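Chain and residue survey
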Amino acid sequence: MKTIIEPFRIKMVEPMKMTSREERAKLIEEARYNLFFLKARDVMIDLLTDSGTSAMSSDQWSAVMRGDEAYAGSESYFRFEQAVRDIYGFEHIIPTHQGRAAEKILFSNLCKDGDVVPNNTHFDTTRANVEYTGAEARDLVIPEGRVPSEIHPFKGNMDIDALQRTIDEVGVDNIPLIMLTITNNSGGGQPVSMENIRMVSEIAHSNGIPFFLDACRFAENAYFIKLREDGYSDVSMMDIANEIFSYADGCTMSAKKDGLANMGGFLALNDAELAESCRHLLILTEGFTTYGGMAGRDLDAVATGLREVLSEDYLKYRISSTDYLGRKISENGVPIMQPPGGHAIYIDAKAMLPRIPPLQYPAQALAVELYIEAGIRAVEIGTAMFGKYDPETGEETAAPMELLRLAIPRRVYTQSQIEYVIEAILNVMERKDSIVGLKMVKQAPFLRHFTAEYEPLSD
Ligand code: F0G
């Protein structure tokens with residue numbers, strides 16, 4: 001059979017409100033053309049993020065009921081610890097309420113002013129948490145990873161020469177750790193090969209530098225390794241995951257992605273001394289060592305989700321449905337970041353709307369059009385998010401890329417809903433020359449994309 005079906009049945013449904021184009025045009029105007037200001041009930045297909053938006057399974061809901069809410073030493077914690085240990089293999093497992101809390105604890109313990117942290121591409125919270133300690137977050141993805149149209153099987157790989165040059169330039173004493181993000185979210189959800197993970201590990205260890213993975217989408221990365229890397233087609237997902245983590249000294253994890261849970265995360269590592277000082281900070285900011293920032297029921301949902309996410313049937317469906325969306329729109333002329341990533345499709349708005357200059361936010365304009373067209377909410381990753389505005393001079397610099405991310409929540413939308421998204425994008429593509437840019441009329445000093453207000457420019 002050629003048709004790949006959802007490997008689950010739907011037992012519970014959440015009705016969605018259908019809206020008309022006229023209603024949506026009014027709603028987005030009221031939201032000052034910022035999709036973060038829309039009420040979720042006014043969105044039909046919500047592709048804002050794949051984080052914390054997964055549909056949990058019947059086993060996960062059963063596990064929720066089993067949750068042991070003891071403050072210390074709960075059964076839920078031990079089930080969680082066992083699941084994490086089986087997959088990741090690290091000695092010390094420190095639960096946190098989400099990924100960025102694990103980052104904050106790890107970097108607070110390792111980084112200081114003047115340090116440099118290499119990564120393929122830092123996710124924005126990872127970058128912010130590194131920079132908060134005074135260290136520099138340096139992105140060293142391979143050159144192919146920076147060109148949206150370039151095809152490469154492992155576009156998330158670290159540039160090994162650039163990593164070596166960075167070590168030579170700044171010195172091992174100023175590199176407290178090396179990280180790799182699997183899959184590379186900010187670089188388009190692109191995977192990292194096992195070979196690259198092994199090479200980065202060798203370089204880190206031969207220089208005595210700890211090596212950590214940002215493991216949010218580890219299962220999707222593991223499946224890409226199985227599909228694309230020589231020697232892995234017959235290896236089980238669990239064995240691939242075990243091998244990935246065997247090269248690292250630890251990881252940060254947001255269970256809101258490949259944990260298939262709505263909340264949760266952890267820091268896991270082998271160094272006992274570092275783990276102890278991380279636990280001190282954990283108690284200060286998150287909670288006792290056996291719950292971190294999570295309820296017992298959340299620990300159980302994550303423990304169950306982590307085992308489910310390694311199902312090959314699930315990953316096959318997951319990766320093929322994202323690929324299907326990407327392929328269908330790109331075959332019809334929509335420029336996307338190639339090849340389709342694991343969790344999201346990124347439309348290259350600079351290439352699609354060349355008439356709209358970066359300082360008129362082409363990807364935001366596209367997000368607005370897609371909402372009006374079909375009630376779909378996507379997120380701008382371009383100048384609204386990463387451009388720099390100087391309030392003193394009023395000068396603004398554009399971001400290197402203008403992307404619109406369509407992130408697919410796990411197990412939430414059906415094939416016909418994905419077909420609807422494809423149709424909507426192609427309709428917008430057809431009338432792309434009538435789309436106008438936006439003017440930002442209000443902005444905050446940082447993370448401005450969340451609260452910015454816009455007005456459409458006249459053609
Ligand atoms: N690392 C990566 C690669 C991420 O994608 C995220 C979150 C985090 C760390 C932080 O995890 O949200 O649990 O604190 N990414 C979400 C997204 C928000 O929409 O891509 P968190």
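The structure we're discussing is the one just above.
Here goes a summary of the coordinates provided. Computed from a prediction, not measured in an experiment: that's the story for all the values here.

Let's shift gears to empty space enclosed by the protein. This structure, assessed with the given rule, holds one cavity of 30 Å³ or more. Roughly 80 Å³ of internal volume is contained in the largest cavity. If you trace the largest cavity, you find it lined by Asn34, Leu35, Phe36, Leu48, Gln364, Ala367, Ala378, Val379, Glu380, His449 and Tyr454. For the lining of the largest cavity, the secondary-structure elements that each account for two or more residues are helix H14 (362–374) and strand S11 (379–381). The residue inventory of the lining of the largest cavity, partitioned by class, reads seven nonpolar, three polar and one charged.

What follows concerns the packing of aromatic side chains. Counted under the stated rule, the structure contains 14 aromatic pairs. Geometrically, the ring pair formed by Tyr71 and Tyr291 is edge-to-face, given 5.0 Å between the ring centres and 70° between the ring planes. In this pair, Tyr71 is assigned in the loop between helix H2 (58–66) and helix H3 (75–88) and Tyr291 in the loop between helix H10 (272–285) and helix H11 (296–308), connecting sequence segments 220 residues apart. Relative to Phe78, the ring of Tyr77 has its centre 5.4 Å away and its plane inclined at 75°; by these criteria the two rings are edge-to-face.

To continue, consider the nonpolar core. Among soluble globular proteins, nonpolar side chains are generally buried collectively. Phe80, Tyr88, Ile178, Phe211, Phe218, Ile244 and Phe245 are the most contacted members of the largest nonpolar core, which has 64 residues in total. When residues are assigned to domains, this core turns out to be shared by domain 1 (21–50 + 311–456) and domain 2 (58–308), each giving three or more. With sequence-adjacent residues up to four places away left out, Phe245 is seen in contact with Ile87, Tyr88, Phe90, Leu213, Ala215, Phe218 and Cys251. With 48 residues, the next largest nonpolar core counts Tyr33, Ile336, Ala378 and Met429 among its residues.

Below, the discussion takes up the pattern of salt bridges. Evaluation of the coordinates by the stated rule reveals 29 salt bridges. The partner of Lys112 in a salt bridge is Asp115, and the shortest N-O contact between them spans 3.0 Å. Judged by relative accessible area, Lys112 falls into the partly exposed class, the value being 46%. Note that Glu243 is salt-bridged to Arg198, the shortest N-O span being 3.6 Å. Here the residue Glu243 occupies a position in helix H9 (residues 237–246), and Arg198 occupies one in helix H7 (residues 194–206), the gap between them amounting to 45 residues. Judged by its relative accessible area of 28%, Arg198 falls in the partly exposed class. Counted as one network, the salt bridges with shared partners bring together Asp50, Arg217, Glu220, Asp258, Arg318 and Arg410.

Let us now look at the sheet that holds strand S5 (residues 178–181). Two orientations exist for strands paired in a sheet by backbone hydrogen bonds: parallel and antiparallel. If you trace the five strands from one edge of the open sheet to the other, you get S2-S8-S7-S6-S5, paired in mixed fashion. Because the sheet does not close on itself, it has two edges, and the strands there are strand S2 (92–96) and S5. Across the sheet, the axes of successive neighbouring strands diverge by a mean angle of 15°, strand direction being ignored. Packing against the sheet, helix H4 (residues 99–110) makes contact with S2, S5, strand S6 (211–214), strand S7 (250–254) and strand S8 (265–269), and its axis sits at approximately 150° to S7.

Here we come to unusual backbone geometry. With omega at -15°, the peptide bond leading from Ile182 into Thr183 counts as cis. Considering the arrangement of structural elements, one finds Thr183 in the loop between S5 and H7. The peptide bond linking Gln338 to Pro339 adopts the cis configuration, its omega dihedral lying at -15°. Backbone geometry places Tyr361, a non-glycine residue, at a positive phi of 55°.

Below, the discussion takes up the pairing of strand S3 (residues 116–119). Every second residue of S3 is oriented toward a common face, with Val116 and Pro118 on one face and Val117 and Asn119 on the other, all of them buried. Here four bridges tie S3 to strand S4 (residues 136–139), and the two strands are oriented parallel to one another. Bridge pairing in S4 links Pro118 to Arg138. Crossover handedness for the path S3 to helix H5 (residues 124–132) to S4: right-handed.

Our next topic: the site of the ligand. Near the ligand there are 18 residues, and of these Thr49, Arg100, Asp214, Ser254 and Lys257 occur at the shortest range. Here an oxygen atom of the ligand and a side-chain polar atom of Arg217 are 2.9 Å apart. Contacts to the ligand include Lys257, whose side-chain N or O atom sits 3.1 Å from a nitrogen atom. Look at the ligand: alone it shows 470 Å² of surface, and the protein chains cover 93% of it. Elements supplying a minimum of two residues to the shell around the ligand: H4 and H5. In terms of residue count, H4 provides more of the shell around the ligand than any other element does, three residues in total.

The next thing to look at is the sheet that holds strand S14 (residues 403–407). The strand order across the open sheet formed by three strands is S9-S14-S11, and the pairing between neighbours is antiparallel. Strand pairing shows two members of the sheet lacking a second neighbour, strand S9 (344–348) and S11, which therefore form its edges. Taken over all neighbouring pairs, the strand axes of this sheet differ in orientation by 30° on average, direction set aside. Bridge count for S9 against S14 is five bridges, and the pairing is antiparallel. If you follow Asp348 over to S14, its bridge partner there is Leu403. Strands in contact with H14 are S9, S11 and S14; relative to S14, the strand with the most contacts, it is inclined by about 45°.

Cut-offs and rules
Here the residue numbering is sequential within each chain, running from 1 through the sequence in written order. Only residues with pLDDT of at least 70 are given local features in this predicted model, and only at 80 or more are side-chain atom pairs given and counted; all residues enter the totals for whole chains, interfaces and linings. Only hydrogens and water are removed before side-chain values are computed, so all heavy atoms of the structure are retained for them. Points on a 1 Å grid over protein atoms alone make up a cavity when a 1.4 Å probe fits among them but cannot get out, and a pocket when they form an open set with protein on both sides within 12 Å along at least five of seven lines; lining residues each have an atom within 4 Å of a point. Grid points are joined across faces, edges and corners, and a volume is the space filled by probe spheres set on the points. Numbered from the N terminus, helices here are DSSP runs of H or I no shorter than four residues, and strands are runs of E no shorter than two. In this classification, Asp, Glu, Lys and Arg are treated as charged, Ala, Val, Leu, Ile, Met, Phe, Trp, Tyr, Cys and Pro as nonpolar, and every other residue, Gly included, as polar. Stacked, tilted and edge-to-face are the three classes assigned to paired rings of Phe, Tyr and Trp, where Trp is represented by its six-membered ring and a pair needs centres within 6.5 Å; plane angles under 30 degrees give stacked, over 60 edge-to-face, the rest tilted. Residues belong to one nonpolar core when they are buried, are Ala, Val, Leu, Ile, Met, Phe, Trp, Tyr or Cys, and are joined through side-chain atoms within 4.5 Å. Burial classes follow relative accessibility: with a 1.4 Å probe on protein chains only, a residue under 20% of its type's maximum area counts as buried, one over 50% as exposed, and anything between as partly exposed. How far each domain reaches was decided by an automatic or database domain assignment. Residue contacts are defined here by distance: any two heavy atoms, one from each residue, within 4.5 Å place the two residues in contact. Put simply, a salt bridge is a Lys or Arg side-chain nitrogen that is within 4 Å of an Asp or Glu carboxyl oxygen. Any two strands are treated as partners once DSSP identifies two or more bridges connecting them. An axis is simply a line fitted to the C-alpha atoms; with a helix, the fit covers only the stretch in contact. Between two such axes, the angle follows the N-to-C directions and lies from 0 to 180 degrees. A right-handed crossover is one whose linking path, passing over the helix from the first strand to the second, runs clockwise when the strands point away from the viewer. Nearness is judged by heavy atoms alone; a residue qualifies as near a molecule or strand once a single heavy atom is within 4 Å of it. Within 3.5 Å is the distance limit for a polar contact, defined as a pair of N or O atoms, with the added protein rule that one can donate a hydrogen and the other accept it, and that residues adjacent in sequence qualify only through two side-chain atoms. Per-residue and other accessible areas follow the Shrake-Rupley method at a 1.4 Å probe size, with only the shown protein chains counted as cover for residues.

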